[in-house]
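Analysis of the macromolecular model
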Amino acid sequence: MHDDRSLLDERLTRTVRQRIRPEVYGAAVPLTLEVWHAPGEPVPVAEALAASYEPAKVGDAWGAPWATSWFRMSGAVPAEWAGRHVEAVVDLGFTHPGPGFQCEGLAYTPEGKPIKGLAPRSTHLPVGRSVAGGEDVLFYVEAAANPVILDIVPFQPTELGLKETAGADPVYHVVKAELAVFHRDVWDLLLDIEVLNSLKNELDEREPRRWDIQRSLDRALDRLDFQDVPGTAALARAELVDVLSKPANASAHRITAAGHAHIDSAWLWPLRETVRKCARTFSNVTALMEDYPEFVFACSQAQQYAWMKEHHPDVWQRVKDKVAGGQFVPVGGMWVESDTNMPGGEAMARQFIHGKRFFLDEFGIETEEVWLPDSFGYSAAMPQLVKLSGSRWFLTQKLSWNQINRFPHHSFYWEGIDGSQVFTHFPPVDTYNSDLLGADLARASRQYSEHGKATRSLVPFGYGDGGGGPTREMLETARRSADLEGSPRVTIEAPSKFFATAEAEYADAPVWSGELYLEKHRATYTTQARTKQGNRRSEHLLREAELWATAALLKGFDYPYEQLDRLWKTVLLHQFHDILPGSSIAWVHREAEARYAEVAAELESIISSALSVLAGEGSETVVFNAAPHSRSGVPGLGAGAVDSGSAQPVSVDGLVLDNGLLRVALDSRGLITSIRDLVADREVLAPGTVGNLLQLHVDVPNQWDAWDVDPFYRNNVRDLVEAEEVVAVDEGKDVGAIRVRRAFGESTLTQVLRLRAGERRLDVSTEVDWQETEKFLKVAFPVDVHADRSTSEIQFGHLHRPTHVNTSWDAAKFEICAHRWVHVAEPGYGVAVVNDSTYGHDITRKARPEGGTTTTVRLSLLRAPRFPDPLTDQGFHQLNYSFVPGAAIGDAVREGYRINLPERRVPGAGPVAPVFTVDNPAVVVEAVKAADDRSGDIVVRLYESLGGRAKTVVSPSFAATSVRETDLLERTLADRCLADNGVEIELRPFQVLTLRFSR
């Protein structure tokens, strides 16, 4: 037989494009259009229905960026259409192929009930499958003029991301608004062809099945009358029945298809727009569930459900009904799909606490799968928190974005720093927005790493990022692919069914220990410094507010349950994986800065009120220490008078600071030339280097500007060595200080370096007026320490990473995330660098020609990408970090808390006993709070911080009647023995333990 394959492919492509697809809709009549342009921000539907509308027509411009226009669309079904399937077809001016990345609409009935969303690839509204002629049609469309930020040519700087700079001219034109006859046979034929052709294109050219499909498609086209496609579509479909009916191979890969709509809680749109995206998407999927009873939709992020409950009660009721029916399935168990690198330990615990409790309270559902397909890497602390929350499984997709190394597993056990393991799935389809056509299904089967050991993977399907969700076309595709020769078997079902089956069949799944590091998006540890600083400050203020409010509760203080609950949820929302990482438009980050200021003001008020109750009436200076360790004679978690002790005063000799523990020398440029550890009698800086060296890099990544830093950024660096001022500053005998002022580019920077009496630590406070573009500011401390690994604080513990680049996996970690501290050491001596708002670091080592090793610790301070916020981080910043020579891990832990929890001084009567004490410094108290159920019980959460086993006695300051070990949701796991008003515990390395004391 002659080879005519390419000829047949060309025939099929053109026939579908020009003959079949245009015939999905037949006869059409225009709808009458009227419009009301809403002033300002979106309005409730009742206000829009009552507004005064003006005449409009197809072709009219509408919608300044971020504005809202309401369209009233009316018409009548022609009498001659009686008995036909009629739909309204609306194109608001869709200019971009991606649903969720441009204008969108939500249609309402005249009574204000939501119908479904309108977006590219979902432009229809139901009228009726067998309408009566002459039937009137009336509906309203809330049209959101969301501008295209990430265009077909991506990463172009734009001012559209801030309402004040986006302009006022309309950016869209109405393209279509009509009633039309829907030709179901033509639509079905189109889907038959798409499913078969996409399958055929994935089959090997030597496979008979491929040619069977191709010849069948060709015969189907022969049966079409191109002058009457609707009338002959059934004949064409008949030619395809045989190839669509052949069952899948017995050994075919099995796919669980879970409906999904990844909705970023903010990204290229503000938070308020996400509320409407959820309403549009949830309306879509609940409507589809009426026609497709097998359809299951997996939806995470309790925050998004809460928005529907608050803002869209009709959508909320539809969701509740479908949850009860098992089609709308809560997953994830977190308040939002948060970043997991940067949230603190307690904040990460609260993500699970608030998320899981919402699903329990509202639906009575215990979610068991953690659903984070798109976060930018996953902390090694997560497995323990997953298990402590009552969950069993974990899903992510993002590691498919790795730049260098392919992750080796698709189903595996993920082991955390404490040894906890959770069954984890990484869908081999490499997308969380599948359309279920042949390319995605074949990829899932082809890439699956577990063949021969396991048989199944999960595919999330539906339009996502900006929402939209599955379409009726996808559900029809799933039906056709359920049992189809040459394809994996496809079953739509809940993720929990997949996980239970997958884990049961793969009991000996491999284990991956440690973090799931994403080899991309490393700059998210630094971008948008104000957002990160707001998060860090909020986390520690929440700690203080709960601690002091709990202590005051024991004296009759009215514990602010509702206020703290609301403030926690605000902070948790802003830990979403495109807010805290700094990868959203300007609007999102300006709003976040404002919200953090409001959170801080409320928390400061709570703290002030509680401290007033605790301090009592008096004129003594009472120092409150919210850190878990004592300092200056004040106990951790308590208050008292500072013990000034007998520390040697700090001497300042020119540009040399000396407190008897450290001697720090600067040169005329304000650079540190020596840090002499007088206790260890050794120089800390590497020979021939300077410390606190500010370095400015050119920072132009290949793509994803706010997200990425590529390794070649190191090729272009400027050391900031010129100084405008270097001068000693008199801050009293207990502090030696030197101020350094620098100017570079369009920016200015002032640092004060302080050495304090009795402290083996150099503090550096930095104020920057940052006006750079596409630059990366770092600060370096090259130390004379031979370290083959660095240690970074993560949630409830720490993580080791290599400083060498032996393997491609090591080399890929050229930028790392740490919380309050990093540490490098050789046997017998270590150095820590602690900070109050920095997450990005890089740590390298280099052998010196004369012998010895220089290990350089760098903190990443500021960036200046132009997309999606062209003014990222412009303006004033204040950053603090400290250099701690001679530090063990315990010292790093202690200093990390110190710099983030400054002492508070208030007038009062005298000391305040800590609510809890522990007698082992390895055991750290992370949270003290009143039990969420308002029973009056007191909860303490603590962890082992050094990576070893630890015994301690936890003693409350109040009389306790019983104590129980609980999960994160404060549900009892075991009773504990209370003896002498304390409980003895033993913790394994990095174990997190929650204890609930009854009074």
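As shown above, the structure is provided for reference.
Let me begin by describing the structure that accompanies this report. (Residues numbered from 1 in each chain as written. Predicted model: local features only at pLDDT ≥ 70, side-chain atom pairs only at ≥ 80, totals over all residues. Heavy atoms only, no water.)

**Some details on the sheet that holds strand 27 (residues 662-666)**
Either a parallel or an antiparallel arrangement is found when strands of a sheet pair, and the pairing is made through backbone hydrogen bonds. Overall, antiparallel pairing links the five strands, which are arranged 25-26-27-28-29 in an open sheet. A single partner strand is all that each edge strand has here, and the edge strands are strand 25 (651-653) and strand 29 (682-683). As judged from the three bridges shared by strand 25 and strand 26 (residues 656-658), these two strands associate in the antiparallel manner. Its bridge partner being in strand 26, serine 651 is matched across the sheet by aspartate 658. (Pairing = 2+ DSSP bridges. Helix = DSSP H or I, 4+ residues; strand = E, 2+ residues; numbered from the N terminus.)

**Points about the packing of helix 3 (residues 184-202) against helix 4 (residues 208-223)**
Two elements in contact, helix 3 and helix 4, have axes whose closest approach is 9 Å; the angle formed by their N-to-C orientations is 145°. For the element pair helix 3 and helix 4, the recorded crossing hand is left-handed. On helix 4, the residues that touch Ile193, Leu196, Asn197, Leu199, Lys200 and Asn201 of helix 3 are Arg209, Arg210, Ile213, Gln214 and Leu217. Across the contact of helix 3 with helix 4, the residue classes break down as five nonpolar, three polar and three charged. (Axes fitted to C-alpha atoms, helices over the stretch in contact; angles between N-to-C directions. Left-handed = near helix turned anticlockwise from the far one by under 90°. Contact = heavy atoms within 4.5 Å. Nonpolar A, V, L, I, M, F, W, Y, C, P; charged D, E, K, R; others polar.)

**Topic: empty space enclosed by the protein**
Taken as a whole and assessed by the stated rule, the structure comprises eight cavities of 30 Å³ or more. Empty space within the largest cavity amounts to approximately 230 Å³. Around the largest cavity, the lining comprises 23 residues; the ones closest to its centre are Gly344, Gly345, Glu539, Arg820 and Glu926. Counting residues per element, the ones that place at least two in the lining of the largest cavity are helix 10 (345-363), helix 15 (529-553) and strand 37 (789-794). Among the elements that line the lining of the largest cavity, the one with the most residues is helix 15, at five residues. In terms of residue class, the lining of the largest cavity is built from eight nonpolar, six polar and nine charged. (1 Å grid on protein atoms, 1.4 Å probe; cavity = no way out; pocket = protein on both sides within 12 Å on 5 of 7 lines; lining within 4 Å. Points joined across faces, edges and corners; volume = space filled by probe spheres on them.)

**Looking at the pattern of salt bridges**
Under the defined criterion, the tally for this structure stands at 97 salt bridges. With a closest N to O distance of 3.1 Å, glutamate 476 and arginine 184 form a salt bridge. Of this pair, glutamate 476 sits in helix 13 (residues 472-480) while arginine 184 sits in helix 3, and the two are 292 residues apart along the sequence. A relative accessible area of 5% places glutamate 476 in the buried class. (Salt bridge = Lys/Arg side-chain N within 4 Å of Asp/Glu carboxyl O. Buried < 20%, exposed > 50% of the residue type's maximum accessible area, 1.4 Å probe, protein only.)

**Topic: helix 1 (residues 5-20)**
Of all the positions in helix 1, only Leu8, Leu12, Thr15, Val16 and Ile20 are classed as buried. Next to the buried residues of helix 1 lie helix 3 and helix 4.

**Side note on the pairing of strand 52 (residues 983-987)**
Residues Val983, Ile985 and Leu987 line the buried face of strand 52, whereas the alternating positions Glu984 and Glu986 sit on a face that is not buried. Across five bridges, strand 49 (residues 950-956) lies against strand 52 in antiparallel orientation. Paired with alanine 950 across the strands is leucine 987, a residue of strand 52.

**Observations regarding unusual backbone geometry**
Following phenylalanine 867, the chain continues into proline 868 via a peptide bond in cis, with omega recorded as 5°. Locating proline 868 in the fold gives a position in the loop between strand 43 (853-863) and strand 44 (875-885). Despite not being glycine, arginine 934 shows a phi value in the positive range, around 65°. Following the sequence through the fold, arginine 934 ends up in the loop between strand 47 (923-930) and strand 48 (938-944). In the Ramachandran plot, phenylalanine 990 falls in the positive-phi region, its phi being about 65° despite a non-glycine side chain.

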